[in-house]
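Listed below, chain by chain, are the residues.
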Amino acid sequence: MKTILVVDDDKMNLNNALKILSPTYKVVPVPGGKVALNYLQKGKPDLILLDVLMPDMDGFAVMEQLQANPDYADIPVIFLTADEREEVKNKGLALGAKGFMGKPLVAEEMLAGIAAVLG
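Reading the values: the criteria
- Residues numbered from 1 in each chain as written.
- Predicted model: local features only at pLDDT ≥ 70, side-chain atom pairs only at ≥ 80, totals over all residues.
- Heavy atoms only, no water.
- Pairing = 2+ DSSP bridges.
- Helix = DSSP H or I, 4+ residues; strand = E, 2+ residues; numbered from the N terminus.
- Axes fitted to C-alpha atoms, helices over the stretch in contact; angles between N-to-C directions.
- Contact = heavy atoms within 4.5 Å.
- Phe/Tyr/Trp six-rings, centres within 6.5 Å; stacked < 30°, edge-to-face > 60°.
- Buried < 20%, exposed > 50% of the residue type's maximum accessible area, 1.4 Å probe, protein only.

> Where do I start with the sheet that holds strand β3 (residues 47-51) in this structure?
Where strands meet in a sheet, backbone hydrogen bonds hold them as pairs that are either parallel or antiparallel. Read from one edge of the open sheet, five strands run β2-β1-β3-β4-β5, paired in parallel fashion. Each edge of the open sheet is held by one strand with a lone partner, namely β2 (26-30) and β5 (99-102). Taking the axes of each pair of neighbouring strands and ignoring which way they run, one obtains an average angle of 20° across the sheet. The pairing of β3 with strand β4 (residues 77-81) spans four bridges and is parallel. For Leu 49, the partnering residue across the bridge sits in β4 and is Ile 78. Those strands touched by helix α5 (residues 107-118) are β1 (3-7), β3, β4 and β5, and its axis lies near 170° from that of β5.

Structure, rendered in structure tokens:
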């Protein structure tokens with residue numbers, strides 16, 4: 001079973017992701033960027049769903065840390081955001097994201113997006 005690290009500061013989003021994804025994937029929900037980076041020292045997920053706007057460390061800063069570390073640079077990342085501005089998407093894609101998912105989370109969109117990235 002593939003592991004997905006879900007990083008979001010909103011408990012409701014973490015619970016929704018867990019409910020949607022847990023029948024198919026092992027889901028590790030964490031409440032922020034720093035916690036996500038700490039988790040990576042113990043385990044390497046197959047995919048990271050990463051919120052863009054978080055108070056402790058935004059998703060772009062987390063992505064920069066991932067890309068700077070050869071141990072984590074190959075983990076595919078899909079950003080989660082309610083922000084639909086092109087500059088946000090362009091920045092995420094420039095940092096190496098595999099895609100974006102909108103909020104609120106939609107089960108069909110999540111499952112299809114993840115399947116497209118994980119194969």
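Once the structure has been displayed, the description carries forward.
> I'm lost on the packing of aromatic side chains in this one. Help?
Each aromatic ring pair is summarised here by two numbers: the centre-to-centre distance and the angle between the ring planes. Going through the model one piece at a time under the given rule, you end up with two aromatic pairs. With 5.3 Å between their ring centres and 65° between their planes, Phe 60 and Phe 79 make a pair best called edge-to-face. Of this pair, Phe 60 sits in helix α3 (residues 59-68) while Phe 79 sits in strand β4, and the two are 19 residues apart along the sequence. Phe 79 matches Phe 60 in its accessibility class, with the two residues each being buried. Members of the aromatic cluster, joined through ring pairs, are Phe 60, Phe 79 and Phe 100.

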